[in-house]
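# Observations on the three-dimensional arrangement
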Amino acid sequence: MKCINILGGGPAGSAAALAALRHRTCDSAVTVIEKSRLPRHKVCGEFLSPEIARELERLGAWDAFVEAGPARVSRTMLHFGSRSKSSRLPEPAFGLSRYAFDLMLLDQARAAGADVASETEKDPLVVATGRRATRTSRGQRLFGFKAHFEGPTDDAVELFFFERCYVGVSSIEAGKTNVCGLAPESFLSRFGFEYDGVVMQCRALSDRLQPLRRVTQWFSTGPLQYGQAFADAGHAYPAGDALSFVDPFTGSGLLAAVRSGAMAGKAAAIGQPVGDYLRECRASLRQPFQIAGVLRRALEGGWAEKLAPLAPARLLFALTRPK
Ligand SMILES: Cc1cc2nc3c(=O)[nH]c(=O)nc-3n(C[C@H](O)[C@H](O)[C@H](O)COP(=O)(O)OP(=O)(O)OC[C@H]3O[C@@H](n4cnc5c(N)ncnc54)[C@H](O)[C@@H]3O)c2cc1C
C-alpha cells in the first residue's frame, strides 16, 4: 500500500493531506506527522488574504472555516511616521487566530481520512515543517511577536512602520484584535524584549492601541529570515514555509502555505515528478517574492514614506499575492 507521509501539521501540511486524500488512488494511506500539541498560539498576523476562500472551497474546508467565525477585513491602512494611506481591498479578507485556523484544517484532514501521528520512522513524501533555521549574526537578527487584545474592533488591517520595525493590527474572531510585529534584535534589546514598551515607540500605534486591553501574553519567535526561496527537499515535495518564506508584511504566507500544500499533496498522490512540482511552485510564488524584496529595500532605505503617497496600494496588494 502506498503511504503518503506528510511531515508538519500546520496549514501547509493539513492542506497537503486534504489534497492527497482527494487525488489518491484508493489503496493509499495519508498520515500527517505533527511533533507539537495542537491547538497552540503561533506568532502570526493572522490576516488571511481574500483568495484563501477559493483555496479552502477547493479543499472542502470552507464551511468549517466560516463556522470558526473569522473577522472580515475590507480595508488596508499603512502608517509611515506621520503619514497614512488607506485603501479598500478588492474583496474582503479574513482574520482568524492560528489557534483556530490550524486546528480547523487539521480536524478537516482527520475527518476526511488522514491519520495524525506525533512521529514516524518512514521518510516523508511531503515536507511542511515551517521555516528553516537561519544563521544571521547577533543584533541583526529579526524577531516576531504577537498578542491578542480586546476592545473596539475595526474592518481595516493596519500596518505601522517605524525604526526598521513594523507592527500590524487586525481583527480576528470573537471580537478580538491581533497585534503582531517584527523588529531587529538590536531595537528589541533596548526595551529588554518588553513588547508593551516596544509598541509605545510609535505614536500612531500607541494611539491605535490606547482603547484596547491585552488579553494574552506576548508570544515571540525568531530569528527570522525572509526571502528564503524555493528549497529543494530531494525526493520529497517541500510546501509552505519549508518551500519558501515570504516577508510577513505581505500577509500572503498563509495563502502560499495552503496553496503550495495543496499542490504538494496532489503531486504526491498522483506521482508528479518533484522537479515539475517545484517549477509550478516557482511560477506561482516568484512575483510576490520579488515585489516583497523591492518593498523591503524601500522600507530599509527610508524612502517608503516618501513613495507611499504615489504607490497604488491595490496594485501592490495584487502583486504580492501568489498567482
Ligand atoms: C511575525 C510573522 C507574522 C506573520 N503574519 C502573517 C499574516 O498575517 N498572514 C499570513 O498569511 N502569513 C503571515 N505569516 C506567515 C505565516 O505564519 C506562515 O507562512 C505560515 O505559518 C506557514 O505555514 P506552514 O504550514 O508552512 O508552517 P508552520 O505554520 O510553521 O507549521 C509547520 C508545522 O510543522 C511542525 N513541525 C516542524 N518540524 C517538524 C518535524 N520534524 N516533525 C513533525 N512536525 C514538525 C511544527 O510544529 C508546525 O506545527 C507571518 C509570519 C511571521 C513570522
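Residues numbered from 1 in each chain as written. Predicted model: local features only at pLDDT ≥ 70, side-chain atom pairs only at ≥ 80, totals over all residues. Heavy atoms only, no water.

## Focus: the side chain of Lys42
Looking at where Lys42 falls in the secondary structure, it is placed in the loop between strand S2 (29–33) and strand S3 (47–48). Engagement of the side chain of Lys42 in a polar contact is seen with the side chain of Asp102, the distance being 2.8 Å. Excluding residues that lie within four positions of it along the chain, Lys42 makes contacts with Gly10, Arg98, Asp102 and Lys146. (Helix = DSSP H or I, 4+ residues; strand = E, 2+ residues; numbered from the N terminus. Polar contact = N/O pair within 3.5 Å; in protein donor to acceptor, adjacent residues only side chain to side chain. Contact = heavy atoms within 4.5 Å.)

## Describing the pattern of salt bridges
One pass over the full model with this rule turns up 16 salt bridges. Among the ionic pairs, Arg208 bridges to Glu158, the shortest N-O distance being 2.6 Å. Taken together, the residues Arg208 in helix H7 (residues 203–209) and Glu158 in strand S9 (residues 156–162) connect sequence positions 50 residues apart. Each member of the pair Arg208 and Glu158 is classed as buried. The residue Glu163 makes a salt bridge to Arg190 at a minimum N-O spacing of 3.9 Å. In this pair, Glu163 is assigned in the loop between S9 and strand S10 (165–171) and Arg190 in helix H5 (residues 185–190), connecting sequence segments 27 residues apart. (Salt bridge = Lys/Arg side-chain N within 4 Å of Asp/Glu carboxyl O. Buried < 20%, exposed > 50% of the residue type's maximum accessible area, 1.4 Å probe, protein only.)

## What to know about helix H8 (residues 253–270)
When the terminal C-alpha atoms of H8 are compared, their 25 Å separation across 18 residues agrees well with the 26 Å that a helix rising 1.5 Å per residue should span. Of the residues one or two after H8, Gly271 is the one with positive phi, at around 75°. (Expected span 1.5 Å × (residues − 1).)

## A word on the pairing of strand S8 (residues 142–150)
Among the 9 residues that make up S8, 8 are buried, leaving the element largely enclosed by the rest of the structure. Relative to strand S11 (residues 176–184), S8 runs antiparallel, the two sharing 9 bridges. Bridged to Lys146 within S11 is Cys180. Inspection of the sheet shows S8 paired to strand S12 (residues 213–214) by 2 bridges, in the antiparallel sense. Directly across from Glu150, in S12, lies its bridge partner Arg213. (Pairing = 2+ DSSP bridges.)

## Considering the sheet that holds S2
Either a parallel or an antiparallel arrangement is found when strands of a sheet pair, and the pairing is made through backbone hydrogen bonds. Judged by pairing direction, the sheet is parallel, and its 5 strands sit side by side in the order S6-S2-S1-S7-S14 without closing on themselves. Since the sheet does not close on itself, it has two edges, and those belong to strand S6 (115–117) and strand S14 (237–238), each with one partner. Sheet topology note: the S2/S6 ladder contains 3 bridges and is parallel. Residue pairing in the sheet places Val32 in a bridge with Val116 of S6.

## Re the nonpolar core
Ranked by size, the top nonpolar core spans 54 residues in total, and within it Phe65, Phe101 and Tyr277 carry the most contacts. For this core, the elements supplying multiple residues, two or more each, are strand S1 (3–7), helix H1 (11–23), S2, helix H2 (52–59), helix H3 (62–67), helix H4 (98–112), H8 and helix H9 (274–300). Here this core gets 10 residues from one element, more than from any other, and that element is H8. Filtering out sequence-adjacent residues up to four positions away, Phe101 remains in contact with Pro11, Leu48, Leu56, Phe65, Leu96, Leu254 and Val258. One finds Phe160, Val169, Ala183 and Val198 within the second-largest nonpolar core, a separate group that totals 21 residues. (Core = buried A, V, L, I, M, F, W, Y, C linked by side-chain atoms within 4.5 Å.)

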